Amino acid sequence: MTAPILEVRGLSAGYGPLRVLHDLDLTVEAGERVGIVGLNGHGKSTLFRAIAGLTDWQSGSVCIRGAEVGGSRSQGPGRHTHRIVRKGLALMPQGDAIFPGLTVREHLDAGAYTSLAWRERARRRDRILEIFPPLARLMDTPVGRLSGGERRMVSLGRGLMAESALLLVDEPSLGLAPKISKAVVEALMKIDLQDGAMLIAEQNLTLLEGRVTRLLGMHAGRLKGGGSVVLPGRHVGGGA
Amino acid sequence: MADLPFVALSAITLAAIYGLLAIGISIIWSSLGMINMAHGFTFALSGYGAWLAAQYLSDAGPMVLAGGIVAGALSGVLICAVSFLPLHDKPNFVVRSMIATLAISLIGSQCLLWAFGPRVKALPKVFGEGTVEFGEVVFTADKVGAIATSAVVLLLTLFWMTRSRRGLEIRAMMQNPEGAALVGIGVRKTALWVMAVTGGLAGLAAVLLSQTFFVSPGSGLQPLVKGLIVALCGGLGSIRGALIAALLIGITEAATATYLGGQYVLMTQFGLIIAVLLARPRGIGGLLDETRE
Amino acid sequence: MTWRNPQIGKARPPGSRPFQSIGRRRWWPHPGWEGRRLFPRWRYPLTRRNVLWTEGEYNPKNLAREIRVIDKRPLVWAVGLVLLAVAPFATEDGTILSAASVFAIYAAINLVWMLVIGTAGIMSLATMAVVGAAAYGTAYLSITYEWPWWSLLPAGAVIGLLFGIVIAIPAIRLEGFYYALLTLGLAELCRVYVIQSRLFGSATGGLYGADTHIPDDWSDTGQLRFAYYCAFALMLAALGLYRAVNGQRLGRLLRAAPEKNEAFAEAIGIDYRRARIQVFLISSAALGLIGGFYAAHFKGASPSLFSMDQLLLMLAMIVIGGLGRAEGAVVGTLVVVVIDKVLVDWGPVRLILIGAIMLASVLFTRAGLFGIKTQFRAWREKKKSERRAKRQEKGGEVVPEEATEIADKQEIYRRRFDKQIRDYLKTLVTDEVVEEHRAKPLGQHSEALDRLLNYFRRGPMADKYAVYAERPFESYRIVALSGQRGVPPRLVNDRTYPSLEEAYHAVFLLRVNDLMES
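Remember, it's a predicted structure, so these values are computed and weren't measured experimentally.

Calculation notes
Residues numbered from 1 in each chain as written. Chains lettered and ligands numbered in written order. Predicted model: local features only at pLDDT ≥ 70, side-chain atom pairs only at ≥ 80, totals over all residues. Heavy atoms only, no water. Helix = DSSP H or I, 4+ residues; strand = E, 2+ residues; numbered from the N terminus. Rg over C-alpha atoms; globule rule 2.2 N^0.38 Å. Buried < 20%, exposed > 50% of the residue type's maximum accessible area, 1.4 Å probe, protein only. Contact = heavy atoms within 4.5 Å. Areas by Shrake-Rupley, 256 points an atom, 1.4 Å probe, with all protein chains shown as cover. Phe/Tyr/Trp six-rings, centres within 6.5 Å; stacked < 30°, edge-to-face > 60°. Lys NZ or Arg CZ within 6 Å of the ring centre and 35° of its normal. Salt bridge = Lys/Arg side-chain N within 4 Å of Asp/Glu carboxyl O. Core = buried A, V, L, I, M, F, W, Y, C linked by side-chain atoms within 4.5 Å. Pairing = 2+ DSSP bridges. Axes fitted to C-alpha atoms, helices over the stretch in contact; angles between N-to-C directions. Buried area = accessible area lost by both parts, 1.4 Å probe. Polar contact = N/O pair within 3.5 Å; in protein donor to acceptor, adjacent residues only side chain to side chain. Nonpolar A, V, L, I, M, F, W, Y, C, P; charged D, E, K, R; others polar. Expected span 1.5 Å × (residues − 1). pLDDT = per-residue confidence, 0-100. Parallel < 35°, antiparallel > 145°, perpendicular 65-115°, else oblique. Left-handed = near helix turned anticlockwise from the far one by under 90°. Arc of directions from axis to C-beta. Patch = residues over 30% accessible without salt bridge, like charges linked within 9 Å, V, L, I, M, F, W, Y side chains within 5 Å.

Q: What is the right way to read the overall build of chain B from this model?
A: Across its full length, chain B holds eleven helices and two strands. For 293 residues, the compact-globule estimate of 2.2 N^0.38 gives 19 Å, and chain B sits close to it at 19 Å. Along the three orthogonal principal directions, the C-alpha set of chain B runs to about 60 × 50 × 35 Å. In chain B, buried positions account for 60% of the 293 residues.

Q: Sorry, what's going on with the overall build of chain C here?
A: Scanning chain C from N- to C-terminus turns up 18 helices and nine strands. Considering chain C as a whole, with its 518 residues, one finds that 45% of them fall into the buried category. Expressed as a percentage of contacts within chain C between residues at least 6 apart in sequence, the contacts between residues at least 24 apart total 63%. Accessible area for chain C stands at about 28100 Å²; split by element, carbon and sulfur atoms hold 60% of it.

Q: Help me understand the packing of aromatic side chains, please; the structure alone is not making it clear to me.
A: Any aromatic ring pair is given by two values, namely how distant the centres are and how the planes are angled relative to each other. According to the stated counting rule, one finds 15 aromatic pairs over all chains in the structure shown. Ring plane angle 75° and centroid distance 5.7 Å describe the contact between Phe-84 of chain B and Phe-93 of chain B, whose orientation is recorded as edge-to-face. For the residue pair Phe-84 of chain B and Phe-93 of chain B, the accessibility class agrees, reading buried in each case. Arg-121 of chain A extends its terminal NZ or CZ atom over the ring of Trp-118 of chain A, reaching a point 4.0 Å from the ring centre. Over the ring of Trp-51 of chain B we find Lys-121 of chain B, and its NZ or CZ is 5.1 Å from the ring centre.

Q: So what exactly am I meant to see when it comes to the pattern of salt bridges here?
A: Proximity of charged atoms lets side chains of opposite charge pair with each other. Applying the stated criterion across every chain, the model contains 35 salt bridges over all chains. Lys-419 of chain C serves as the salt-bridge partner of Asp-423 of chain C, at 3.2 Å between the closest nitrogen and oxygen. With Asp-423 of chain C and Lys-419 of chain C both in helix α15 (residues 410–428) and four residues apart, this pair spans about one turn of that helix. Put simply, Glu-435 of chain C and Arg-438 of chain C hold a salt bridge, and the shortest N to O gap is 3.0 Å. Within this pair, Glu-435 of chain C and its partner Arg-438 of chain C are both found in helix α16 (residues 431–439), separated by three residues, close to a single helical turn. A single salt-bridge network, built from bridges that share partners, covers Glu-120, Arg-123, Arg-124, Arg-127 and Glu-163 of chain A.

Q: Would you take a moment to explain the nonpolar core for this structure?
A: The nonpolar side chains of soluble globular proteins are, as a tendency, buried together. In terms of nonpolar packing, the biggest core is built from 194 residues, with Leu-32, Ile-35, Met-37 and Phe-84 of chain B together with Ile-109, Leu-111 and Trp-113 of chain C touching the most fellow members. When sequence neighbours within four positions are dropped, the list of residues in contact with Ile-35 of chain B reads Trp-29, Met-98, Thr-101 and Leu-236 of chain B together with Phe-177 and Leu-181 of chain C. Val-154, Met-161, Ala-187 and Leu-207 of chain A belong to the second-largest nonpolar core, a separate cluster that totals 38 residues.

Q: I would appreciate a short explanation of the sheet that holds strand β9 (residues 490–491) of chain C in the present structure.
A: Each strand in a sheet pairs with its neighbour through backbone hydrogen bonds, running either in the same direction (parallel) or in the opposite one (antiparallel). All names here are of chain C. Taken in spatial order, the three strands line up as β7-β8-β9 in an open sheet, and their pairing is antiparallel. Both edges of this open sheet fall to β7 (465–471) and β9, since each of them pairs with a single strand only. Across six bridges, the pairing between β7 and strand β8 (residues 475–480) is antiparallel. Along β8, the bridge assignment pairs Arg-471 with Ser-475. Together, β7 and β8 form the strand contacts of helix α18 (residues 500–517), whose direction differs from that of β7 by roughly 155°.

Q: Would you mind going over the interface of chain A and chain B with me for this structure?
A: The parts lose accessible area when they come together, and the size of an interface is often stated as this lost area. Tallying the contact residues gives 25 residues for chain A and 22 residues for chain B. In this assembly, chain A packs against chain B so that about 2000 Å² is buried in total across both faces, 61% of it on carbon and sulfur atoms. On the surface where chain A and chain B come into contact, there are two salt bridges. Note that Arg-49 of chain A and Glu-178 of chain B form a salt bridge whose closest N and O atoms lie 3.4 Å from each other. If you look at where chain A meets chain B, you find eight residue pairs in polar contact (both at pLDDT 80 or more). Of all the elements in the fold, those that place two or more residues in the side of chain A that touches chain B are α2 (81–86) and α3 (104–111) of chain A. A class-by-class count of the residues in the side of chain A that touches chain B yields 13 nonpolar, six polar and six charged.

Q: Would you mind showing me how to read the pairing of strand β7 (residues 166–170) of chain A here?
A: Remark: a regular strand shows side chains that alternate across the two faces of the sheet. All names here are of chain A. The buried count for β7 comes to five of five residues, which makes it a mostly enclosed element. Along β7, one buried face is formed by Leu-166, Leu-168 and Asp-170 and the opposite face, lined by Leu-167 and Val-169, is buried too. By the bridge criterion, four bridges tie strand β6 (residues 89–92) to β7 in an arrangement that is parallel. Paired with Leu-89 across the bridge in β7 is Leu-166. Where β7 and strand β8 (residues 197–202) come together, five bridges link them in parallel fashion. Following the sheet pairing, Leu-167 is matched in β8 by Met-198.

Q: Mind showing me how you'd approach helix α4 (residues 149–173) of chain C here?
A: Residues three or four positions apart in an α-helix share a direction because the helix packs 3.6 residues into each turn. The terminal C-alpha atoms of α4 of chain C lie 38 Å apart, and with 25 residues this matches the ideal 36 Å at 1.5 Å per residue to within 8%. Packing partners of the buried residues in α4 of chain C comprise α3 (127–145), α5 (176–196) and α9 (272–298) of chain C.

Q: Would you explain the side chain of Ser-475 of chain C in this entry?
A: All names here are of chain C. Within the secondary structure layout, Ser-475 lies in strand β8. Look at Ser-475 and you get buried, because its relative accessible area is 6%. Here Glu-470 takes part through its side chain, which lies 2.8 Å from a polar atom of the side chain of Ser-475. Setting aside chain neighbours within four positions, we find Ser-475 in contact with Tyr-468, Ala-469, Glu-470, Thr-496 and Tyr-497.

Q: Mind showing me how you'd approach the confidence of the model for chain B here?
A: The predicted model of chain B averages 84 in pLDDT, with 96% of residues at 70 or higher. Note that residues 288–293 of chain B has pLDDT below 50 and, in this model, 22 contacts with residues that lie over four places away or in other chains.

Q: Please explain the packing of helix α1 (residues 4–32) of chain B against helix α8 (residues 187–209) of chain B as it appears in this structure.
A: The packing of two helices is summarised by the inter-axis angle and the distance between the axes. Residue and element names in this part refer to chain B. In contact at an axis separation of 8 Å, α1 and α8 are set at 165° when each is read in the N-to-C sense. The angle between α1 and α8 places the two elements in the roughly antiparallel class. As α1 runs across α8, the sense of the crossing is left-handed. Along its contact with α1, which presents Ile-17, Leu-20, Leu-21, Gly-24, Ile-27, Ile-28, Ser-31 and Leu-32, the element α8 presents Ala-191, Val-194, Met-195, Thr-198, Leu-201, Ala-202, Leu-204, Ala-205, Leu-208 and Leu-209.

Q: Explanation requested: the packing of helix α2 (residues 39–57) of chain B against helix α3 (residues 61–84) of chain B in the structure shown.
A: Residue and element names in this part refer to chain B. Two elements in contact, α2 and α3, have axes separated by 7 Å at closest approach and are oriented at 140°. Relative to α3, α2 is oriented oblique. Crossing handedness for the pair α2 and α3: right-handed. From α2, Phe-41, Thr-42, Leu-45, Ser-46, Gly-49, Ala-50, Ala-53, Ala-54 and Leu-57 reach across to α3, where they touch Met-63, Val-64, Gly-67, Gly-68, Ala-71, Gly-72, Ser-75 and Ile-79. Across the contact of α2 with α3, the residue classes break down as ten nonpolar, seven polar and no charged.

Q: I keep staring at the pairing of strand β4 (residues 64–69) of chain C and nothing clicks. Help me out?
A: All names here are of chain C. Pairing of strand β3 (residues 54–59) with β4 involves six bridges; the strand directions are antiparallel. Residue Asn-59 lies in a different strand from β4, and its bridge partner there is Ala-64. The antiparallel hairpin formed by β3 and β4 contains four residues in its connecting segment, where Leu-63 sits at a positive phi of about 55°.

Q: Would you mind going over helix α7 (residues 249–256) of chain C with me for this structure?
A: Residues and elements named next belong to chain C. Among the residues of α7, Leu-250, Gly-251, Leu-253 and Leu-254 are the ones counted as buried. Take α7 and look down its axis: the buried residues cluster within an arc of 160°, on one side only. Of the exposed residues in α7, those oriented more than 90 degrees away from the buried face are Arg-249 and Arg-252. On its buried face, α7 is in contact with α2 (94–119), α6 (220–246) and α9.

Q: Just checking my understanding: could you explain a nonpolar patch on the surface for this structure?
A: A cluster of nonpolar side chains, Leu-278 of chain B together with Val-158, Leu-161, Leu-162, Ile-165 and Ile-169 of chain C, forms an exposed patch at the surface whose accessible area comes to about 510 Å². Looking at the nonpolar patch, the element that brings in the most residues is α4 of chain C, giving five residues. Considering the arrangement of structural elements, one finds Val-158 of chain C in helix α4.

Q: Just to check I follow, could you spell out the interface of chain B and chain C for this structure?
A: Across the boundary between the two partners, chain B contributes 43 residues, which contact 34 residues of chain C. Summed over both partners, the interface of chain B with chain C comes to about 3900 Å²; 80% of that surface belongs to carbon and sulfur atoms. The interface formed by chain B and chain C contains zero salt bridges. If you look at where chain B meets chain C, you find three residue pairs in polar contact (both at pLDDT 80 or more). Elements that contribute at least two residues to the side of chain B that touches chain C include exactly α4 (93–116), α9 (221–234) and α11 (265–279) of chain B. The biggest single contributor to the side of chain B that touches chain C is α4 of chain B, with 14 residues. For the side of chain B that touches chain C, the residue count by class is 33 nonpolar, six polar and four charged.

Below you can see the structure in the form of structure tokens.
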């Protein structure tokens, strides 16, 4: 049996004395699309940032494709992120993390960080344009001038260029009009995962319902729900 | 006035040299967030590097230039290792790194003094002694050579910054360090590259300027101040602004030196800078493109 | 005198916690106090300001009154200043005595500079430019127009003020580093000008011959000592100015509006622009006065005042000591002047040493020498929280913060014991045991299974699994008891079990699952 794409055990993360994630366990297998639903401030972004090494976490373990991704304990958050990313992770963060002065083409090129990806970047760019057609006529515009939806597409496209095994998408519909967010999420769902996996954090449950393999709820830093959807009035079996 | 071509030529030469320094300082500030006060030390060290190359390797022009550039790049890497790498994610990074670079420049210039002695050294003429005739005007080879070399190197550097992967990484890091980390761009490795390249530019400037002035341990101070004020005037972080400002400062210096006298050079330059900064507090380029702040 | 912890034994308002709150215990000496008043407070005469911040305590154990000094820094300062005051009589060496005066003057400059750079947060590197300009101006006045030494001080202050107005104008428009670099260039400009200007002694390398307050007819040592005491008085005045600005209203206004965070201060009505201009003018005037003193002390001025080396040294002094504390300025100046002037024989090595100390203090400390204590405490807190996070598990040991909230302390030990039992039971769970239970839920069991079942059956009623006979002998379900009177049990899952044995086994599996997860 191949190692799961992502395995998180007992992850505890926080900022100083404040603990945001409490003893989190999460396993994502190849080919899965997992949705994490929860309100703002309950730790979805912190979970993603902790996996990517952008936030300090204090205890537990994170394994991507079986390889342990060490905790950046006293080192300083973000110091090892680029190494973690090269192990097969692509994080599309909340707020897009775009480069305001670079054009769309340069963004997509920046996403192709392995030498293989860089060599075939033209082909991969065309693939991204198939997924997000509106970007085709914006290839030479600085991203700082684009609208929110277009920026979101650039950020997602950039993350897809390296064909990473694990995609972490943080709130794809944040700040977007309903029609555009639906289009963005549609595009995400159409991506062929092959041997990879996708983890989507969303506030809007209806966007993900029925389209993801698994749906988890995040509340106060703890993940709930394992096989079925948590709806009010019903209890999930097993835990006491 | 018959002096005009001469003034123009001196102006462009000076502009080229100051531009090399100022662009280095600008790039370091916008990509690393660090004010590199040790750039003057890099300048002085490169002068000595070129001198050593001339003494022990060969007298030829390209070798001296190479010696200066390599010494400058090495010095840049050293500064990065001491003042950027340990501090870049610690609190109060900007002030601390500036003070660290000042400390490096203090230690460095004393070490140079100790190693090479206080007497100035002369560099061999890189471009030969020839002259170029252009109608009635005579241009000396070193000025023409300086302008040509700086232009070529600057163009190469800008080409490299815009086309290559490494250049793209540097530009990405300039604009969003967290986003850069998310696409596999390591801040520390890219920082070394940035410092090496800007150090090399400063090294080239040192060799070119040493055609007129001598190499001494304290020779980095004036170019540092000039480079800083050009970068300031052009807006920290803007390459185009730095080039325009370099041109303005170069013209001011050449014009003042010829028509008013050498001792008023700094004063007129200062006057220009204060005027520019009062009109545009972020420098010329501050509104041209997106700066880090 | 006893060593006491400030919390224990203190009189407390009723209803508050009787024990010490969480944290490391601090032990401090409490000298005995023979006197009738429990809370003696000495005041400076004619003021309402207390000399020391003290609290009197009554030690119930040995029935003595004890006094506790809460803020010990004035004592440290007093000792330090007294030492500095008597220092000149410890040596006759001319180098050391002249270095001492230099120390005092530089300390005064740094204290005033700290007002601008630390309190106001304006990165201004123009200090030496102002001092130099005032020194040159007053020296020139003294030499050319024969002004007496006591007029040089106010004259210097005026020159400094004018210069300060000139530098304050860009400060309003420019921010942060732009301003720092501009002032740097300004210092360089002054130096170049002064070197080339015949008016200001380019031929002689500076101006010499100003009137001085040091009497000529004293012995060399006497002169040096007198010079030192005058400089010391200047330093005390600078200290006083620092306290008056930093510790009073203006300082508080400035600290509330640091660079880039002025919006908040402005929103609550602080006119930070006016405060900054005020501090600029005050510090420029003070620096000018020091410049005048400099001219009187050294009988002239030289271009080395404007050199970059000098500026670097001054920067090293405040960096080593730490920005923001007056102790930092004085101690940093002491360190650098000692290395620079007293160890002259070491040659260029001493500047390398100063640079190395500056580098070390900037690389390893956040706020210089006097910030080390806070930094160390913050680091220790971080390590503690990391260890605490590691220790916390589901239902594991009780964390100290929780422990103070629990009324019955036996609960803590009960939980610990429970955890130990569970850890042991986890090792007993094997496939054979589960199989054994499946085959024979009731009846005699092996020891391992017995222990497990005993533990499960002993559990608390709340959330305890039970079997609900829906239709006896036909279908059974698993429910969880609520543990509360009147509240019905809840269904755990939708499965039904055709026989009681299967239901028992299912309950066992659920309980084992819970055990393994905890």
